[in-house]
Amino acid sequence: MTPNDLSAELERRRAAGLYRRRRVQDGPQQPQGRTDGRPMLNFGSNDYLGLANHPQVITALQQGAARWGVGSGSAHLVNGHSAAHQALEEELAEFTGQPRALLFSTGYMANLGVISALAGRGDTVFEDRLNHASLLDAAVLSRATLRRYPHADAAELAHLLDADRRHPGRDAGTQAMDGNPPTRDAAQNDGAPHPNAPCLIATDGVFSMDGDLAPLPALALIARQTGAWLLVDDAHGLGVLGREGRGSLDHFGLLGAPADGLILMGTLGKAFGTFGAFVAGSDALIETLIQRARPYIYTTATPPALAEATRVSLALARREEWRREHLKTLIGRFRAGAAQLGLPLADSPTPIQPLTAGSSEHALAWSRTLESAGILVTAIRPPTVPAGTARLRITLSAAHTQADVELLLSALATLPRVQDQ
Ligand SMILES: *Cc1c(COP(=O)(O)O)cnc(C)c1O
């Protein structure tokens, strides 16, 4: 794209209903907000437990800044790794039942760091088609061959792995990322023993735009049988599912004993209400990431005060079971109400409750209708979701009340149906 191309390209996006623009929030993340200067009831954040604006978390950040200052001053491997970071890592390891945990600046960087540290040219990375963009980008960055299996289809994954074993180097059944062909030269490897495959299976634990769960027991079994890593990105399961919010792996009873091939990636900016991410797993895994994960090595450590705030929000998330209980009640009420209205509900047991509109124009029209009723729900469009599946991504939070959900339902009742439009 040359400098001359930009305006035309932006215009094309606008015409296709794919233009993205930011709204300006005037206040903390909470259900009752002000957006672009207008009062608005929010159903769009990932603050599932309502901790982003919790007084104890705010105090921990303030006191942390008084104790540690603001900036960490350097990368973890230089001299930016503080006792606050260290304590949070130990608490996250204990929380997830894993030997070690390692903090990353963001979830995006954690995924880039893990996959590019463990997979490289000649390896194959298997991913669910609906994985978060950061997992897909990570495979591309690693230069491994990326194979995407149909959504939540463990049988098809097993089939792909099997075909890969019997015909190493062949790309049958593969789905390269758009515009990113598999990097391995198929002809070169044909018939030769597969150098290093399969290397890694990566999946969202709870799918970020659909709210459904990955078939983790089946994926864990396949990973064990093939000797591959299983990387579970639990950005939307941690805090919400499992005992004390231990996430989707715990929901399936898979967090009991630390397993050598298991990698858990968790984010701190969603249910925990702060910022950052971590990876939990074996001692050898964490030591390897410290040596090799470039998005870990070559970036400034997050502020130590932030680690102090996260330590408090982690304790609240674990202890205050009522947040998960209340959330469950809201999810149940929303689903019952939406079903009564005949809305196109997805099969999601989590706070992510998408309503499929189909075209980007319909999703945008729905979002605008709700906005004029004072309700903020974001329209999610391609390429974040597959073409033809644009949707409203409704998210619920423990900070919502039952009355908030009733307001949402009455606004949804006024939406024109897709088939009527
Ligand atoms: C939000 C998200 C990320 C990225 O985490 P950040 O900390 O926001 O960079 C990664 N994976 C999934 C599934 C996510 O939803």
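Cut-offs used in this document
Residues numbered from 1 in each chain as written. Predicted model: local features only at pLDDT ≥ 70, side-chain atom pairs only at ≥ 80, totals over all residues. Heavy atoms only, no water. Near = heavy atom within 4 Å. Polar contact = N/O pair within 3.5 Å; in protein donor to acceptor, adjacent residues only side chain to side chain. Areas by Shrake-Rupley, 256 points an atom, 1.4 Å probe, with all protein chains shown as cover. Helix = DSSP H or I, 4+ residues; strand = E, 2+ residues; numbered from the N terminus. Nonpolar A, V, L, I, M, F, W, Y, C, P; charged D, E, K, R; others polar. Core = buried A, V, L, I, M, F, W, Y, C linked by side-chain atoms within 4.5 Å. Buried < 20%, exposed > 50% of the residue type's maximum accessible area, 1.4 Å probe, protein only. Contact = heavy atoms within 4.5 Å. Pairing = 2+ DSSP bridges. Phe/Tyr/Trp six-rings, centres within 6.5 Å; stacked < 30°, edge-to-face > 60°. Lys NZ or Arg CZ within 6 Å of the ring centre and 35° of its normal. Salt bridge = Lys/Arg side-chain N within 4 Å of Asp/Glu carboxyl O. Axes fitted to C-alpha atoms, helices over the stretch in contact; angles between N-to-C directions.

J.: Outline the site of the ligand, supporting the account with residue identities and numerical values.
T.: Around the ligand sit 14 residues, and of these G107, Y108, D233, H236 and K270 come closest. Within the backbone of G107, a nitrogen or oxygen atom sits 2.7 Å from an oxygen atom of the ligand. In this structure, H236 approaches the ligand through a side-chain N or O atom, which is 2.5 Å from an oxygen atom. For the ligand, whose unbound accessible area comes to 380 Å², protein coverage reaches 82%. Ranked by residues supplied to the shell around the ligand, first place goes to helix α5 (residues 107-118) with three residues. The residue inventory of the shell around the ligand, partitioned by class, reads two nonpolar, nine polar and three charged.

J.: An account of the nonpolar core is needed here, citing residue identities and associated values.
T.: Taken as a class, soluble globular proteins show a tendency for nonpolar side chains to be buried jointly. Among the nonpolar cores identified, the biggest contains 76 residues, and I201, F334 and L412 are the most heavily contacted of them. Not counting the four nearest positions on each side in its chain, I201 is found in contact with F126, Y149, L157, L161, I222, A223, A228, W229, L230 and L231. If you look at the next biggest cluster of nonpolar residues, it comprises 31 residues, including L118, L135, A144 and I297.

J.: Go over the pairing of strand β8 (residues 262-267) with me, naming the residues and quoting the values.
T.: Looking along a regular strand, one sees the side chains alternate between the two faces of the sheet. The element β8 is extensively covered by neighbouring structure, given that six of its six residues are classed as buried. By the alternation rule, side chains of β8 split into L262, L264 and G266 and I263, M265 and T267, which are all buried. Note: strand β7 (residues 229-233) against β8, four bridges, orientation parallel. Within β8, the residue paired with L231 across the bridge is I263. Pairing between β8 and strand β9 (residues 277-281): four bridges, direction antiparallel. Its bridge partner lying in β9, M265 is registered against V279.

J.: I'd like a rundown of the packing of aromatic side chains, residues and numbers included.
T.: Tallied over the entire structure, the rule returns two aromatic pairs. Each ring, one from F95 and one from F272, has its centre 6.1 Å from the other, and the planes form 80 degrees; the classification is edge-to-face. One end of the pair, F95, is in helix α4 (residues 83-96); the other, F272, is in the loop between β8 and β9, with 177 residues separating them in the sequence. Its relative accessible area of 1% is what places F272 among the buried residues. Ring centres of F104 and Y296 lie 5.4 Å apart, and the angle between their planes is 65 degrees; this geometry places the pair in the edge-to-face category. Of this pair, F104 sits in strand β3 (residues 100-104) while Y296 sits in helix α12 (residues 294-297); the two residues are 192 residues apart in sequence, bridging distant segments of the chain. For Y296, a relative accessible area of 5% translates into the label buried. One residue, R14, lies across the ring of Y19, its end atom 4.1 Å from the ring centre.

J.: Now, about the pattern of salt bridges: what can you tell me, with residues and values included?
T.: Scanning the model with the defined rule gives 18 salt bridges in all. Across the salt bridge formed by R12 and E9, the nearest N and O atoms sit 3.2 Å from each other. With R12 and E9 both in helix α1 (residues 6-15) and three residues apart, this pair spans about one turn of that helix. Overall, the relative accessible area of 22% leaves E9 in the partly exposed class. E9 is paired through a salt bridge with R13; the nearest N and O atoms lie 3.6 Å apart. Of this pair, E9 and R13 both sit in helix α1, separated by four residues, roughly a single helical turn. What makes R13 partly exposed here is its relative accessible area of 32%. One network of salt bridges, with partners in common, ties together E94, E244, R246 and R318.

J.: Requested: an account of the sheet that holds strand β11 (residues 375-376), with residues and values cited.
T.: Ordered in space as β1-β2-β11, the three strands form an open sheet in which the pairing is mixed. Only two strands of the sheet have a single partner each, and these edge strands are β1 (32-35) and β11. Pairing analysis gives two bridges linking strand β2 (residues 38-42) to β11, with the strands arranged parallel. Across the sheet, the residue bridging to L41 is I375, located in β11.

J.: Which residues make up the sheet that holds strand β13 (residues 390-395), and what are the values?
T.: Sheet architecture is open: three strands sit in the order β10-β13-β12, paired in antiparallel fashion. The sheet is open, and its two edges are formed by β10 (352-358) and β12 (378-380), each paired on a single side. Going across the sheet, the axis of each strand differs from the next one's by a mean of 30 degrees, ignoring polarity. Bridge count for β12 against β13 is three bridges, and the pairing is antiparallel. For I380, the partnering residue across the bridge sits in β13 and is R391. Sheet strands in contact with helix α15 (residues 360-372) are β10, β12 and β13, and its direction is about 35 degrees off that of β13.

Such coordinate-based values are descriptive only and should not be taken to indicate function.
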